[in-house]
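# What the coordinates show
Each chain, written out:
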Amino acid sequence: MEVDKMDENEWKYHGEGNKSLVVSHVEHSQVLRFLKYPAEDPGNSHKAAKEAFGHLQNIVDFSKNVMKPFLGENYVHHGEVVHLPLDFVRQLSLKVEQERPESRCDKVMDIFSGYALCLPNLTKLQTCHFSESGPPLCIEIKPKCGFLPFSSHVTKDVKHRVCRFCMHQHLKLANGKWKRMSRYCPLDLFSGNKQRMSFALKNLLQEAQNNLKIFKNGELIYGCKDDKDCLQDLNELTQHLKPYFFPANGLIHGPHCTRTVINELINVITTALLSNSGTCRTGEIRKVHISEGRAHCDASHFHRDILRKGHCGLPKDCVLSKILQAQMLDNVDIEGLHPLYNRVEQYLGEFPKERVKLQIDGPYNENCFEKLRNSQSEDDGTVDTAVRKVQQYRVAMTAKDCSIMIALSPCPDDELPEPNLVIQTSKSRLIYSVSILDLDPKPYENIPHQYKLDGQIVNFYLKSTQAKQ
Ligand code: ATP
Ligand code: MG
Ligand code: MG
C-alpha cells in the first residue's frame, strides 16, 4: 500500500464493532481498521487521537507477542500500523457515514490522528497459491465463552450450571439490545460433538445477533448490522450458497433445497472448526477434554438424553481448542480476580511508578508471553502473582471476544491442494482457510466494571427465570 497515493474511492465501508470501524479495498485483499471515539466529546477525541499511535501499536504487539503464541501462528494476522494522509481519512469518513448502522453512531471514527491498522482482508482466502475460481465465501463466528467457571471463588451456584452467554441473553433482551432471544449456546459449539455443534450453528443461523455473519466476495449477505437492520432470510442465503455446494446447477430444487444446502453449510463449518488447518499438520488427533467443571449448560435447548451420551472433546490444534485454552486462562473467575485486582491497585497507589515496570498497559513485548504461560494457580499473596493473574484474565477476555473467520472458495477441478486445505462436501470441493480476528487487549481499568456486570447478569437471570416458575 502506498500511503501517499491513497484514494477514498478505492475503499468502502466494511463493518464495525464497539471499538473500531473497518473499510476494505475494492480490489486488493486489504482492510483498514480505524479507532472510534464517543461522539459527544470532541476535546477528548483530540486527546485520544494523540494517543492513537501508541494504542494501535499496543494492539499489534499484543496480537503478535501474546495472542499469537497462545492461538497459533497460522490463525493470527497481526497487521501493522500505518499513517495516512488526513485528507484521505476525512474524505473516507464522509463517504462511509451513510453506510453505518444507526446503533453504532454514538461513536465517531478517528479522523484526527491519521493512524490506522492495515490488515489482510480475512473474508478472502488466506492460502494464496491457488487460482481462485469464483467469489470467496466467508463465515464469521463470534463464539464467546465456551466453558463454565470451575473456580472455587464463584459464589452463585447458577454460574456452575448456566453459561454466561445464555444468562446474558436475558439482560440483553430486557435492555433492548436485541429483540429476540438467541438459542445459541457456546458450550454446544465448543463441545466437539458434531450433533451439538450443528445444533449450535442452526441456532446461530436462526438468530444471528452479532455472533454470525456471512460474506460473499467481501459483502455481507447474512447477519445483523444492528437490531433494526438484519439480513436473515434463509431462502435468500440458500440461493447464494447453492453454487458452492451444488456446482452442477439444477440438481436440487424444491422444498428440500433450503434444508439440504443449509446442512451442507453447517457440515463445512463444523469440519473447518475441528480441523487443524492452523498448524498444517495432519495425523495426530489428540482430544482436549474439559475436565474441570461441567461440559454442558442447563439453559441449552439441546436434547438432554443425547447430551448424556457423552462428550467428544476437541482435536488438540483446531481453532476452537486454541481459543478455549486461551479463554480458560481465566481460572479464578472474575469473583476470584477482583480481590487480586484490588491488591495490584493498592500497590500502584503506593508506588505509582511501578506501573511501567510491571508492564500493566504494555509494552506487550516477547517476554510477556513467557510469564503468562505459567499456569500455577495458588495465590502466594504477592503483587507479582496478582499482576500475572490479572494479565491472564485479560488474555482470556480477549479470547472470549474474538471472531473466527472461515474463508471458502471452490476448488478448481485441475488443482490438487494438500488434503488439509480442502473440504469435501457431498457434491463439491472447497479450499478453505481459518483465521482469528479482533485480538485487542482489554483495558485493565475495565475489571471493576466486569465484576459489577457479572453480578448484574447473574442476578437478573435468577430474577427473570424464577419469575417464570
Ligand atoms: P467488538 O465490538 O467485537 O470488540 P471491534 O470494534 O473490536 O469489535 P472488530 O471486531 O475488529 O472490531 O471489527 C469489526 C468487524 O469488522 C468484524 O466483526 C469483521 O466483520 C470486520 N473485520 C475486522 N477486521 C477484519 C479483517 N481483517 N478482514 C475482514 N473483516 C474484518
Ligand atoms: Mg469484534
Ligand atoms: Mg474488539
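Residues numbered from 1 in each chain as written. Chains lettered and ligands numbered in written order. Predicted model: local features only at pLDDT ≥ 70, side-chain atom pairs only at ≥ 80, totals over all residues. Heavy atoms only, no water.

## Details of the site of ligand 1
Neighbouring residues of ligand 1: 22 residues in total, closest N18, K19, S20, E140 and K142. At 2.9 Å from an oxygen atom of ligand 1 is found a side-chain nitrogen or oxygen belonging to R33. Note that a nitrogen atom of ligand 1 is positioned 2.8 Å from one of the backbone N or O atoms of L122. Starting from 610 Å² of accessible surface for ligand 1 in isolation, the protein chains cover 93%. Those elements that provide at least two residues to the shell around ligand 1 are β1 (11-16), β2 (20-25), β3 (30-38), β6 (115-120) and β8 (212-216). In the shell around ligand 1, the residues fall into eight nonpolar, six polar and eight charged. (Near = heavy atom within 4 Å. Polar contact = N/O pair within 3.5 Å; in protein donor to acceptor, adjacent residues only side chain to side chain. Areas by Shrake-Rupley, 256 points an atom, 1.4 Å probe, with all protein chains shown as cover. Helix = DSSP H or I, 4+ residues; strand = E, 2+ residues; numbered from the N terminus. Nonpolar A, V, L, I, M, F, W, Y, C, P; charged D, E, K, R; others polar.)

## Quick word on the packing of aromatic side chains
A full pass over the atoms with the stated rule returns eight aromatic pairs. With a centroid separation of 5.1 Å and an interplanar angle of 50°, the aromatic rings of F53 and Y115 are classed as tilted. One end of the pair, F53, is in helix α2 (residues 52-71); the other, Y115, is in strand β6, with 62 residues separating them in the sequence. Overall, the relative accessible area of 38% leaves F53 in the partly exposed class. Here F70 and F369 contribute two aromatic rings whose centre-to-centre distance is 4.8 Å and whose plane-to-plane angle is 75°, an arrangement assigned as edge-to-face. Highlighted residues: F70 in helix α2 and F369 in helix α13 (residues 366-373), separated in sequence by 299 residues. One exposure class covers both F70 and F369, and it is buried. (Phe/Tyr/Trp six-rings, centres within 6.5 Å; stacked < 30°, edge-to-face > 60°. Buried < 20%, exposed > 50% of the residue type's maximum accessible area, 1.4 Å probe, protein only.)

## Some points on the side chain of K442
Its place among the elements puts K442 in the loop between β15 (429-437) and α15 (447-468). In terms of polar contacts, K442 uses its side chain to reach the side chain of D401, at 2.8 Å. Not counting the four nearest positions on each side in its chain, K442 is found in contact with R394, M397, T398 and D401. (Contact = heavy atoms within 4.5 Å.)

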